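Take a look at the letters that make up each chain.
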Amino acid sequence: RGEQLRTWQTRGCGEAAGDHSGATMGLTRTLLALIAAGSASSAAGQALYGKASPITLLDKRGFAAMQTDPERVWVVEFYADWCGHCKQFAPAYEKAAASLAGLVGFAGVNADKSKDVMRDQAVSGYPTIKVYLPGLNTNGKLSKKVLDYDGPRTAKALVDFVSARAPNLVVNLSDEKSLAKYLAEGAAHLADAPAAASEFRAILISAKDETSLLLKSLALRLSGRLAVGEARRAGDDGSTTAIANKFGISTYPSLLLLRADAPDAPPEVYSGEMKYAQLWEFLEAKAGPAPDPPAPASSAKSTGSAAARRSLSGVSTVTDSFLEAEVVTGDGAWVLAFEQGATDGGDDAADAARIPALSKLAGQLRGQANVGLVNASEPAGALLAARFGVTEFPALRVLPYGEGKSPETAIPTADIAAARKSAGESLPVDSVQVFNEAQMDGLFNAAATGETLASCVLFTDKTSPPPLIRALALNFKYAFSFGMVAGASPNALGQFQLSKMPALLCLWPNGAMLRADRTVDLTGAKYDESDGPMGFNQMATFLADIAHKRGGPDWLAKQMAKEQAEEKTRGPRGGSGKEEEVVELTAANFEEFCGEGASVGLCAIGLLDGDRSAAKTELRAAQLRTLSGLAARRRGDPAVRVFWLDATCHDEFAPALDISDADLPTMAVISPSKKRFAKLLGTFTVEGTARFVNGVVSGRVSTSPFQPLPKLDGTLSCDTTLRGAAKWAALEAESGEDEMEDTVAEILAEEEERRRALLEELAADKSAEIESEDSGPTSRKDKGEMSEMERLEAELEECGSHDLLCSARRDKQLRTIEKRRALEEQLRKIAKAKKKKTKKRAQAN
């Protein structure tokens, strides 16, 4: 306690202090204490790789240059000088670099000095080793592949991994037919291999069964300049291939150079050492000139300046066919810009300031909405503009998130800022559950379910989910549940060891899901402005890194494929794409739908605040959309049906299921026939409620018995009834002077009952004391005999002033006690109101 702790990854170190995954949390379900990682600078010592090391040290600029190197495979270690695991691995890494010197580049990135590189590459632990395959020019496009190395930390294992995965542009030659094709075409028929610019062809005749890394490296470096082929000796008995016989080769390996235009001419035979430097000098002298680097891809026309082409990054060119295939059919929001004049930077270009502004808008809306450009100077663009009713240029139209997009649903906006706001605000808010400080226990409940890889919560001063968190929730809905705490106080932030807002905190179970004492350990990671910009790319990388570590490299892709396969079966979002109606439970229909004789197996009831005020009505509409989404998921399932109930109008119903007003909105699943129920533990979102209902159906979520539920009052009008504090105040006011005598009589009767119970208890204690004189003092009441409130108070911990973990647990316990006290007070008021109502009816009769 009071110590600074660091969580270590398997075979690796956590991040330095201030990095998003380095600070981790160990906590009980009733507790969250984020333990700050120790300062990396205090552990830093001598540099891990000195000037004499074969490891090339890369800063941000050097790393960017490495990524564009088309000639070599690069192995890059992300390390920290203070990391013990990095120190242990360093000798093996240098040994691997020395053994592959010249063939493969070996580099290191000091993550404490190049945090931006580390963040861009989604590195969160040290040492992390990544293998960067070279950019290959295929049809004028530059491609690059990155491999994560997770194998043994030995030189041999790393060398074998790299050797097996290096690109192979060596042409395999098996007979004279393949030789003739090779002499005519070189390596151009291979994927990623451009036509060679040399009239020569190199052939290695080898006795090995596999192509060596040495030959792969030479072929890669000579790509586009000189084709490299390989023929192998056929058998262990020394028999040779037809190609070896053709050129009279009897010693292996032998390297030949042939002229493509003179296949029958005697080859030039290499006579030097079979080492990289000497081989390179021989072959490079016969190679053609280096090819020009590929032009960067662009969505703009090929004419015009390079600057104009770059300025359109992230902006799609929208045609009529593109609109129908990509824009209208998908859910995503779009901002369409209608321009007149060329968009390629020529003399007749559109307003030069607007084109880069659209590219900037695309960057700002990345993950939230798409940006498209319609060139109305062209006939097809002019027709598209007419469909959208655009007559003045430039113009912007926003197609909000969701299905059913058409020119008629497009929203005109005055400027780019308004378009950005409109597109972002169209993202659904019901994918993110909003908590207040009183409901923060829901964060623990959502994280402890384990139904997703993690529960991620945004702490912000906003009152509703910003478009950024909505976009993250939509993009990562298969992996995480999302929530938001609005306007958290410094004290609340302190409970989570957060120092500022906005901050994103992700929690997940650590080890066993549930212990015998009904607690669960959680761990997590946070991201705030100290870790980088609060932008979609950066935060998506942070979340993808968690998904990778929690579920493995392919977990997210597999989940998405699974969900998409299910959507093909049930239709988009569970059906035809239309909203599913959710029936409100009332006194008139409750018995039919959820009573003992109901045909449905399980009733999934959304318990909402039905207050008719404007603010609550808007909030309830979003909650009903959540229930509609859940109903669509369950469409066609006869075992489960989704309903909603106005829990603040029918205020006796929720307390009967141990649910108070502070828990709303929430859900209860009840089995009318078995008289058992379960309360929602996750977030009140489509994904959260769907996982909860699935858990109840499959038996993963435990259920509890319930007593006969109170009947809904058919005389109530939920449109006009008083709710909450206003209702109780009105009931108190109704107790006028004419009822004073009854009230006093009730109080006296209650006091007499308490006095009688006290005398009986004293007598019992005295009797027990006499009977057990020799066995010491009487024991405390057994927990099984305690009321729920007595049990909670008995379990309340006493903590020292420096015991932060205990204090956090005690805070949670106090909140639970207050919640229980409020529920019991609500039950007392309900009972009192029922008593008065019964008395009035008796007097009326």
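Here's what I pulled together on the structure shown here. Bear in mind that the values here come from a model prediction, so they are computed numbers and not experimental data. Counting restarts for each chain, with residues numbered from 1 along the sequence as it is written. Since the coordinates come from a predicted model, pLDDT governs what is reported: local features require at least 70, and pairs of side-chain atoms require 80 or more to be given and counted, while whole-chain, interface and lining totals use all residues. The basis for every side-chain value is the complete set of non-hydrogen atoms in the structure, without hydrogens or water.

### Side note on the overall build of the protein chain
- Strands here mean DSSP runs of E at least two residues long; helices mean DSSP runs of H or I at least four residues long; both are numbered from the N terminus. For the protein chain, the count of helices and strands is 27 helices and 30 strands.
- Only protein chains enter the accessibility calculation, which uses a 1.4 Å probe; a residue whose area is less than 20% of its type maximum is buried, one above 50% is exposed, and one in between is partly exposed. A burial count over the protein chain gives 45% of its 845 residues as buried.
- Whether two residues touch is decided by their heavy atoms; if any such pair falls within 4.5 Å, the residues are in contact. Long-range contacts, defined as pairs at least 24 residues apart, comprise 73% of the intrachain contacts of the protein chain with a sequence gap of at least 6.
- Surface accessibility of the protein chain: about 42,000 Å² in total, with carbon and sulfur atoms responsible for 52%. Only the protein chains shown count as cover for residues, and all accessible areas are computed by the Shrake-Rupley method using a 1.4 Å probe.

### Describing the pattern of salt bridges
- In the sections that follow, a salt bridge refers to a side-chain nitrogen of Lys or Arg positioned within 4 Å of a carboxyl oxygen of Asp or Glu. Applying the stated criterion across every chain, the model contains 18 salt bridges.
- Residue D528 is joined to K526 by a salt bridge in which the shortest nitrogen-to-oxygen separation is 3.2 Å.
- Linking D545 and K549 is a salt bridge whose minimum nitrogen-to-oxygen distance equals 2.7 Å. Here K549 and D545 lie together in helix α18 (residues 536-551), a separation of 4 residues that amounts to about one turn.
- On the accessibility criterion, D545 (6% relative accessible area) is buried.
- Exposure remark for K549: the relative accessible area of 41% places this residue in the partly exposed category.

### Description of the sheet that holds strand β21 (residues 454-460)
- With mixed pairing, 5 strands are arranged side by side in an open sheet as β20-β22-β21-β23-β24. Single-partner strands in this sheet number two, and they are β20 (433-435) and β24 (522-528). Direction aside, the axes of adjacent strands within the sheet are offset by 25° on average.
- In this sheet, strand β22 (residues 480-486) lies alongside β21 in parallel orientation, the contact comprising 7 bridges. For V457, the partnering residue across the bridge sits in β22 and is G483. At least two DSSP bridges between two strands are required for those strands to pair. Axes here mean lines fitted to C-alpha atoms, for a helix over just the part in contact, with angles spanning 0 to 180 degrees between N-to-C directions.

### Brief notes about the packing of helix α7 (residues 213-221) against helix α9 (residues 276-284)
- Taken N-terminus to C-terminus, the directions of α7 and α9 make an angle of 35°; their axes are 11 Å apart at the nearest point. Relative to α9, the crossing made by α7 is right-handed. In this structure, α7 uses L214, S217, L218 and R221 to contact α9, whose residues at the interface are Y276, L279, W280 and L283.
- Charged means Asp, Glu, Lys or Arg here, nonpolar means Ala, Val, Leu, Ile, Met, Phe, Trp, Tyr, Cys or Pro, and polar covers whatever is left, Gly included. Split into classes, the residues belonging to the contact of α7 with α9 amount to 6 nonpolar, 1 polar and 1 charged. Here is the rule for handedness: rotate from the far helix to the near one, and if that takes an anticlockwise turn smaller than a right angle the crossing is left-handed, while a clockwise turn gives right-handed.

### Brief notes about the sheet that holds strand β16 (residues 333-339)
- Reading across the sheet, the 5 strands line up as β15-β17-β16-β18-β19 and stay open at both edges, with mixed pairing between neighbours. Whereas interior strands pair on both sides, the edge strands pair on one side only; in this sheet they are β15 (315-317) and β19 (411-413). Across the sheet, the mean angle separating the axes of adjacent strands is 30° when strand polarity is ignored.
- With respect to the sheet, helix α13 (residues 379-387) is in contact with β16 and β17 (369-375), its orientation differing from that of β17 by roughly 120°.

### Re α13
- All of the buried residues along α13 are G381, L384 and A385. Looking down the long axis of α13, one finds its buried residues gathered within 100° of arc, a one-sided arrangement. Summarising the geometry of α13, the exposed residues directed more than 90 degrees from the buried face are P379, L383 and A386.
- One or two positions beyond α13, positive phi appears at G389, with a value near 70°. Note that the arc is computed from the directions linking the helix axis to the C-beta atoms.

### Some thoughts on the environment of Y270
- Its place among the elements puts Y270 in the loop between β14 (268-269) and α9.
- Taking C-alpha positions, Y270 is 7.1 Å from S254, a pair spaced 16 residues apart along the chain.
- A polar atom in the side chain of Y270 sits 2.5 Å from the backbone oxygen of E273. Any pair of N or O atoms that falls within 3.5 Å is considered a polar contact. Within protein, one atom must be able to donate a hydrogen and the other to accept it, and sequence-neighbouring residues count only if both atoms are side-chain atoms.

### A few points about the state of the cysteines
- Cysteine sulfur pairs qualify as disulfides if the two atoms are within 2.5 Å. Considering all chains together, one arrives at 3 disulfides under this definition.
- With a sulfur-sulfur separation of 2.2 Å, C456 is cross-linked through a disulfide to C506. With the S-S dihedral at roughly 110°, the linkage between C456 and C506 falls on the right-handed side. A residue pair is termed long-range when its members are at least 10 positions apart, and C456 in strand β21 and C506 in strand β23 (residues 503-509) qualify at 50 residues.
- The partner cysteine of C649 in its disulfide is C718, sulfur to sulfur 2.1 Å. Between C649 and C718, the S-S torsion sits near -85°, and that sign places the bridge as left-handed. Of this pair, C649 sits in the loop between β27 (640-646) and α22 (653-656) while C718 sits in the loop between β30 (704-705) and α24 (724-734); the two residues are 69 residues apart in sequence, bridging distant segments of the chain. No difference in accessibility class separates C649 from C718, as the two residues are buried.

### Regarding the packing of aromatic side chains
- Aromatic pairs are defined between Phe, Tyr and Trp rings, using the six-membered ring for Trp, whenever the two ring centres lie within 6.5 Å; interplanar angles under 30 degrees are classed as stacked, those over 60 as edge-to-face, and all others as tilted. Across all of its chains, the model carries 17 aromatic pairs by this definition.
- On the basis of an interplanar angle of 55° and a centroid distance of 6.2 Å, the ring pair of Y49 and Y93 is categorised as tilted. Here Y93 lies in helix α3 (residues 84-99) and Y49 lies in the loop between α1 (40-43) and β4 (56-57), a separation of 44 residues in the sequence. As far as burial versus exposure is concerned, Y49 and Y93 are alike and both buried.
- For the pair F590 and F653, a centre-to-centre distance of 5.6 Å together with 70° between the ring planes defines the contact as edge-to-face. Taken together, the residues span a long stretch of sequence, with F590 in helix α20 (residues 590-594) and F653 in helix α22 at a distance of 63 residues. Across this residue pair, the class does not change: F590 and F653 are buried.
- In textbook terms, an aromatic cluster arises when at least three aromatic residues are bridged by ring pairs, as seen for Y49, Y79, F89, Y93 and F106.

### Let's talk about the side chain of R620
- Inspection of the secondary structure puts R620 in helix α21 (residues 614-633).
- In this tally, Lys and Arg are treated as positive and Asp and Glu as negative; His is ignored, and so are the chain termini. For the buried R620, which has no salt bridge, the nearest side chain bearing the opposite charge is D609, at an N-O separation of 5.8 Å.
- At a separation of 2.8 Å, a polar atom in the side chain of R620 contacts the main-chain carbonyl oxygen of D611.
- Here R620 is in contact with L608, D609, G610, D611, R612 and W644, once residues within four sequence places are set aside.

### Description of the side chain of Q368
- Residue position: Q368 is located in the loop between α12 (354-364) and β17.
- Taking the relative accessible area as the measure of exposure, Q368 reaches 14% and is therefore buried.
- Contact partners of Q368, with chain neighbours within four places excluded, come to A333, G424, L427, P467, L468 and A471.

### Topic: the pairing of strand β13 (residues 254-259)
- Of all the 6 residues making up β13, 5 are buried; the element is thus mostly covered by neighbouring parts of the structure.
- Both strand β11 (residues 200-206) and β13 contribute to a ladder of 6 bridges, which runs antiparallel. If you follow L204 over to β13, its bridge partner there is L255.
- As judged from the 2 bridges shared by β13 and β14, these two strands associate in the antiparallel manner. Across the sheet, L256 pairs through a bridge with V269, a residue of β14.

### Quick word on unusual backbone geometry
- Note that the residue after M501, namely P502, is joined by a cis bond; omega there is 0°.
- Secondary-structure assignment places P502 in the loop between α17 (490-495) and β23.
- A positive phi angle is found at A122, which is not glycine, with a value near 60°.
- Checked against the element boundaries, A122 lands in the loop between α4 (115-120) and β7 (125-126).
- You will see that K675, though not glycine, has its phi angle at about 55°, which is positive.
- Locating K675 in the fold gives a position in the loop between β28 (666-671) and β29 (676-679).

### Regarding the pairing of β24
- Counting buried positions over the 7 residues of β24 gives 7, a clear majority of the element.
- As paired elements, β23 and β24 share 7 bridges and run antiparallel to each other. Note that in β24 the partner of L505 across the bridge is K526.

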